[in-house]
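Letter by letter, the chains look like this.
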Amino acid sequence: MGALYTSAAFREYARAQVAYADILLTKHAESTLSLCRCGRLHPCDEHQHWLEMRTHFRQFLVDEQYSSEVQQPSRPHPTQRDPSRPDDLG
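Reading guide: rules and limits
- Residues numbered from 1 in each chain as written.
- Predicted model: local features only at pLDDT ≥ 70, side-chain atom pairs only at ≥ 80, totals over all residues.
- Heavy atoms only, no water.
- Patch = residues over 30% accessible without salt bridge, like charges linked within 9 Å, V, L, I, M, F, W, Y side chains within 5 Å.
- Areas by Shrake-Rupley, 256 points an atom, 1.4 Å probe, with all protein chains shown as cover.
- Salt bridge = Lys/Arg side-chain N within 4 Å of Asp/Glu carboxyl O.
- Helix = DSSP H or I, 4+ residues; strand = E, 2+ residues; numbered from the N terminus.
- Buried < 20%, exposed > 50% of the residue type's maximum accessible area, 1.4 Å probe, protein only.
- Expected span 1.5 Å × (residues − 1).
- Arc of directions from axis to C-beta.
- Contact = heavy atoms within 4.5 Å.

There is a patch of nonpolar side chains on the surface, built from Leu33, Leu35 and Leu41 and spanning about 340 Å² of accessible area. Considering the arrangement of structural elements, one finds Leu41 in the loop between helix H1 (7-27) and helix H2 (45-58). Taking the relative accessible area as the measure of exposure, Leu41 reaches 62% and is therefore exposed.

Below you can see the structure in the form of structure tokens.
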């Protein structure tokens, strides 16, 4: 069986995989005339693979990326309602 990762260890692994995918995507970027830098038509199989890998591992880092930006919701301020206006218009 595989190793059991703690949340912090898995996030570190996911960060490393995203960084590695970014490096390889740079190596397999579009060059000229719809060719990949490796000489094949762009997007080549390698480009597609590392794009999928980066997308896969980035989903585990979304919480980490925005955790410092998330703010606690403030209490709503009571407002006076105009009884002549329906809720969806006002």
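Alright, that's what it looks like, and here's the rest.
Between its first and last C-alpha, H1 extends 30 Å over 21 residues, near the 30 Å set by a 1.5 Å rise per residue. The set of residues buried in H1 consists of Ala14, Gln17, Val18, Ala21, Leu24 and Leu25. The arc that holds every buried residue of H1, seen down its axis, measures 130°, which confines them to one face. When the buried face of H1 is taken as reference, the exposed residues oriented beyond 90 degrees from it are Ala8 and Lys27. Buried-residue contacts for H1 involve H2.

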